[in-house]
Each structure stands twice: as C-alpha cells, then as structure tokens.
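Here's the letter readout for the chains.
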Amino acid sequence: MAADIRSILKKLETGGDPSLDDIVALLQAPNDTLLFTAADATRERYLGSQVHLRGIIEFSNHCTKNCLYCGLRKDNRRLQRYRMSTDEILAAAKEGAAAGLRTIILQSGEDSFFTGEMLAWLITRIKERHDVAVTMSVGDRTKGDYRLMRKAGADRYLLKQETSAPELISRLRPGTALAGRIKRLRWLKELGFQVGSGCMVGLPGQDVETLADDIMLMRELDVEMAGIGPFIPHPDTPLSNAKGGEVAATLRVLAVTRLVLPHIHLPATTALGSIHSEGREMALRCGANVVMPDITPVQYKKLYEIYPNKICINEEGPAHCVPCISGIIFRSGRSVGTGYGHSAAQSIEEQK
Ligand code: SAH
Ligand code: SF4
C-alpha cells in the first residue's frame, strides 16, 4: 500500500494526471506523515512559505435559504438577525486595510436586501479608498449581479460546492441542485473572477468516494482556491445530532487537495481551528497557505453563528486579530504575505 502511495505521489510530482482511484487511495493512505510531508513540500515548491491573510467581514446573517447544516438557515428562529450598515461595512474595511490586510472578503447569508447594485457600490468604495483585493461570498445570485460585482472591481468570488454528490447537496441545501452551483462557478470564471470553491468534510451521507469526487470536480473546474473545513453540527438545525467532521479526515482532504491542485490557495479554516486548538497550525503544515481572520465588528461576530463554538469571536477588530494570527504564522516558521495573494495565474499576468 505504501508503495502504491509512493508511486501516486511520484506521478503527481512529475505533473501526471491522477485518476479517481488514485485520489481515493491517497485519502485512505495508511501513513499520514508520508501524505502530509508531501503536501507540505508541494506547497513550498509551488507557493513558497508566505501565508496570505484575508480579512472577512460578515456583513449580514439574514438568509433566505434553509441549508440543513447551517445556523443561519431561515427557519432558525433563535438567531438574532443583523445587517451592518454601509458605513459600518466601510469602516470595518478601513480598519482591516489599516492593519495591513491586502484582501477584504465580504460574506453574508443569501440576503436579497443587498442588491447587486448595492454590493457593486460597496466594492467600488472599498477599491477606491484602499489598496486591497476584494473577494465576494454572497451565495447564489444572478449572472447580472455577478457581472455588476466584477465590473465594480471585485477580484474573487467564493462559492463552495459544499459536496459533489448531487443527491446529497439537493437534500442538504433544499432548492439547490449541484448543476446550479457548477453553472454559477463557470459563470464566475467566465466573468474573470478568481474562483474559490470547496467542501465540508464529515457531512452525513458523505464517504471517501464523495470526497475524491469533490477534489476531482475542483480540478475540472480549475478553481483558484478551495475552502475545506469540517462540518460542525449546530444545535438549532435539523443536523444537530449528526457526528460532524474530524480533524484527521479534514487534514487528509486538505493534503490530498494540495497534491492534486498544487498551485491553488488553501485556507487553514476557522472551522478547523474551532474543533481543535491547534487546527490552523496543523493545516499550515498539511498544505494550507491562507488564513482568514474575522474582522467583523465584535457585536456582530457572535451572531454570525454558522456553526457553534467559533474561535476568535471576542477578538476586538483587526488591530488585535492581525498581530495574533501573524504570531501563529511566525511560530509555524512561515512569513505573512505582503502582496494581494492573487492566484498563481493572475500574479504571472500582473508581472507581464
Ligand atoms: N451564504 C453563502 C456564504 C456564507 S456560508 C453561501 O452559502 O455560499 C459560508 C460557508 O459556511 C458555506 O460555504 C459552508 O461551507 C460553511 N458552513 C455552513 N454551515 C456549516 C457548518 N455547520 N459547519 C461548517 N461549515 C459550515
Ligand atoms: Fe444561508 Fe449560506 Fe448558511 Fe446556506 S450556508 S443557510 S446559504 S448562510
């Protein structure tokens, strides 16, 4: 078995195409050390030692969707809802930029209160005031809305496939089909966004083949980023009694994704840091090269409860978060990225 793993690793190292069986074998590799060491070496070879920080502003927890896994789902009546004002959003972006962040992510539930035009207005203001890249993560929208955001200057869009199993996604995200999510990821590419997808690990009904399909789908879609974190059951959702994703399994999916998509950005997710105190540090050693500090104002942070026990919700703004996370990166023997941290292809384009 270890010999098989070594030959698959060799094939990937020399630019060979993995089969689905290869990915399944890697995900089931008996020796984590072999896998993690290879992923870490691949990250170093393709992306170097810099870790990019992306400051995330969770500007609304209103959501029209009813995803079975998520605490923001429409039917969760226990959650106190909020929407940040445009002034509050711009002030948060300003604080983030002042703390040295070079990417601002605007994320929310699926909240139609914020029209495409409003989001475009916010993007324009942020881009004209600060030297930052902007990532949007506001869910399923029309192509027209995506176009408005792109024209306003948004650089990236994060829309996770969540799971590549068609029947599972339709069950877990009522009203959504995998085809619709894929169609949107293709639109976003076509519009010139750097595209992020990703999946949760440990969803009920998911198995190792599903996860291999997830990685293969991201390779087919040629994504520039993949957010991979454990599913964490939320008490006020229909999946409250589910088991949830484990640290080891999440690290393995992360490492295999790094090996199969060597050039992409992979965050050490907050979700992984929330189920293990060293989760993000471990992820940085298994292929991750991005961390996403939460720079939402502290009074709103705790209300953006996608899953319970989220870390850092009492941290008061980027002036605290950025030095703290930079310390984690430094202690991991790495350095904090000083540029925008664009996709590899985009960075080459800029140097021309
Ligand atoms: N509404 C947008 C963006 C916000 S949700 C969207 O759905 O695309 C951001 C991410 O939170 C989702 O992509 C999902 O992967 C993650 N998430 C939701 N519930 C979660 C849970 N219980 N555990 C871990 N991650 C979760
Ligand atoms: Fe809404 Fe996104 Fe949560 Fe689904 S995952 S309920 S779309 S915030």
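For the structure, check the block above.
What counts, and at which threshold
- Residues numbered from 1 in each chain as written.
- Chains lettered and ligands numbered in written order.
- Predicted model: local features only at pLDDT ≥ 70, side-chain atom pairs only at ≥ 80, totals over all residues.
- Heavy atoms only, no water.
- Near = heavy atom within 4 Å.
- Nonpolar A, V, L, I, M, F, W, Y, C, P; charged D, E, K, R; others polar.
- Pairing = 2+ DSSP bridges.
- Helix = DSSP H or I, 4+ residues; strand = E, 2+ residues; numbered from the N terminus.
- Axes fitted to C-alpha atoms, helices over the stretch in contact; angles between N-to-C directions.
- Contact = heavy atoms within 4.5 Å.
- Salt bridge = Lys/Arg side-chain N within 4 Å of Asp/Glu carboxyl O.
- Buried < 20%, exposed > 50% of the residue type's maximum accessible area, 1.4 Å probe, protein only.
- Phe/Tyr/Trp six-rings, centres within 6.5 Å; stacked < 30°, edge-to-face > 60°.
- Lys NZ or Arg CZ within 6 Å of the ring centre and 35° of its normal.
- Polar contact = N/O pair within 3.5 Å; in protein donor to acceptor, adjacent residues only side chain to side chain.
- Areas by Shrake-Rupley, 256 points an atom, 1.4 Å probe, with all protein chains shown as cover.
- Patch = residues over 30% accessible without salt bridge, like charges linked within 9 Å, V, L, I, M, F, W, Y side chains within 5 Å.
- Lys, Arg positive; Asp, Glu negative; His and termini not counted.
- Charge placed at Lys NZ, Arg CZ, Asp CG, Glu CD.
- Expected span 1.5 Å × (residues − 1).
- Core = buried A, V, L, I, M, F, W, Y, C linked by side-chain atoms within 4.5 Å.

Engineer: Explain the site of ligand 2 to me, using residue names and the numbers behind them.
Structural biologist: In the neighbourhood of ligand 2, the contacting residues comprise C63, K65, C67, Y69, C70, L72, R73, G109, E110 and R173. Taken together, the residues that form the shell around ligand 2 break down as 5 nonpolar, 1 polar and 4 charged.

Engineer: Residues and numbers for the sheet that holds strand β9 (residues 335-336), please.
Structural biologist: With respect to topology, 3 strands assemble into an open sheet ordered β8-β1-β9, the strand pairing being parallel. The open sheet has two free edges, formed respectively by β8 (290-291) and β9, since each of these has just one partner strand. In terms of strand pairing, strand β1 (residues 50-53) meets β9 through 2 bridges, oriented parallel. Looking at the pairing, V51 lines up with V336 of β9.

Engineer: Before we move on, could you go through unusual backbone geometry and cite the residues and values that matter?
Structural biologist: Unusually for a residue other than glycine, D222 sits at a positive phi of about 55°. Considering the arrangement of structural elements, one finds D222 in the loop between α9 (208-221) and β7 (225-230). Phi at N309 is positive, roughly 55°, even though this residue is not glycine. Assignment of secondary structure puts N309 in the loop between α13 (298-301) and α14 (318-331).

Engineer: Give me the sheet that holds strand β5 (residues 156-158): which residues, what numbers.
Structural biologist: One open sheet holds the 6 strands; their spatial order is β2-β3-β4-β5-β6-β7, and the pairing between them is parallel. Either end of the sheet is taken by a strand with one partner, and the two such strands are β2 (55-60) and β7. Going across the sheet, the axis of each strand differs from the next one's by a mean of 20°, ignoring polarity. Bridging between strand β4 (residues 133-137) and β5 involves 2 bridges; their strand directions are parallel. What sits directly across from T135, in β5, is R156. Strands in contact with helix α8 (residues 178-190) are β5 and β6 (194-201); relative to β6, the strand with the most contacts, it is inclined by about 155°.

Engineer: Talk me through the pattern of salt bridges; I want residue IDs and the actual numbers.
Structural biologist: Counted by the stated rule, this structure contains 24 salt bridges. In this structure, R173 and D140 form a salt bridge, with 3.4 Å as the shortest nitrogen-oxygen distance. Of this pair, R173 sits in the loop between α7 (166-172) and α8 while D140 sits in the loop between β4 and α6 (143-151), and the two are 33 residues apart along the sequence. When its relative accessible area of 5% is taken as the criterion, R173 is described as buried. The network of salt bridges with shared partners includes K65, E110, D140, E162, R173 and R181.

Engineer: So, the packing of aromatic side chains: which residues are in play, and what are the values?
Structural biologist: In total, this model carries 6 aromatic pairs according to the counting rule given. Relative to F114, the ring of F59 has its centre 4.8 Å away and its plane inclined at 85°; by these criteria the two rings are edge-to-face. With F59 in strand β2 and F114 in the loop between β3 (103-108) and α5 (116-129), the pair connects residues that are 55 residues apart, well separated along the chain. Both rings, one in F113 and one in F114, keep their centres 5.2 Å apart while their planes meet at 80°; by these two values the pair is edge-to-face. Under the relative-accessibility criterion, F114 is labelled buried at 1%. Members of the aromatic cluster, each reached through a chain of ring pairs, are Y146, Y157, W187 and F193. Between the NZ or CZ atom of R102 and the centre of the ring of Y340, over which it lies, the distance is 4.6 Å. Geometry around F193 places R150 over its ring, the cationic atom sitting 5.8 Å from the centre.

Engineer: Outline the site of ligand 1, supporting the account with residue identities and numerical values.
Structural biologist: The environment of ligand 1 is formed by 18 residues, the closest being Y69, K160, E162, I232 and I306. The separation between an oxygen atom of ligand 1 and a polar side-chain atom of E162 is 2.5 Å. Residue R181 places a side-chain N or O atom 3.2 Å away from an oxygen atom belonging to ligand 1. When the free accessible area of ligand 1 is taken as 550 Å², the share hidden by the protein chains comes to 92%.

Engineer: Could you give an account of a negative patch on the surface, naming the residues involved and the relevant values?
Structural biologist: On the surface, a cluster of negative charge is made up of D21, D207, E209, D213 and E220. Ranked by the residues each element gives to the negative patch, the list is headed by α9, at 3 residues.

Engineer: Requested: an account of helix α3 (residues 32-47), with residues and values cited.
Structural biologist: With 16 residues, α3 extends 22 Å between its outermost C-alpha atoms, agreeing within 8% with the 22 Å of an ideal straight helix rising 1.5 Å per residue. Taken together, the buried positions of α3 are occupied by L34, L35, F36, A38, A39, T42 and R43. The backbone nitrogen of T33 has a side-chain oxygen 3.0 Å away, supplied by the residue at the start of α3, namely N31. Looking at the residues trailing α3, positive phi occurs at G48, about 75°.

Engineer: Give me the nonpolar core: which residues, what numbers.
Structural biologist: Soluble, globular proteins show a tendency: their nonpolar side chains are buried together. Counting residues in hydrophobic clusters, the biggest one holds 105 residues, and the most contacted among them are M136 and M149. Contact partners of M136, with chain neighbours within four places excluded, come to L106, L119, I123, M149, A154, R156, Y157 and L158.

Engineer: Residue-level account of the environment of Y300, with values.
Structural biologist: The residue Y300 is located in helix α13 in this model. With relative accessibility at 13%, the residue Y300 sits in the buried group. With 242 residues separating them along the chain, Y300 and E58 place their C-alpha atoms 8.1 Å apart. Ignoring sequence-local partners within four residues, the contact set of Y300 consists of Y82, M84 and E88.

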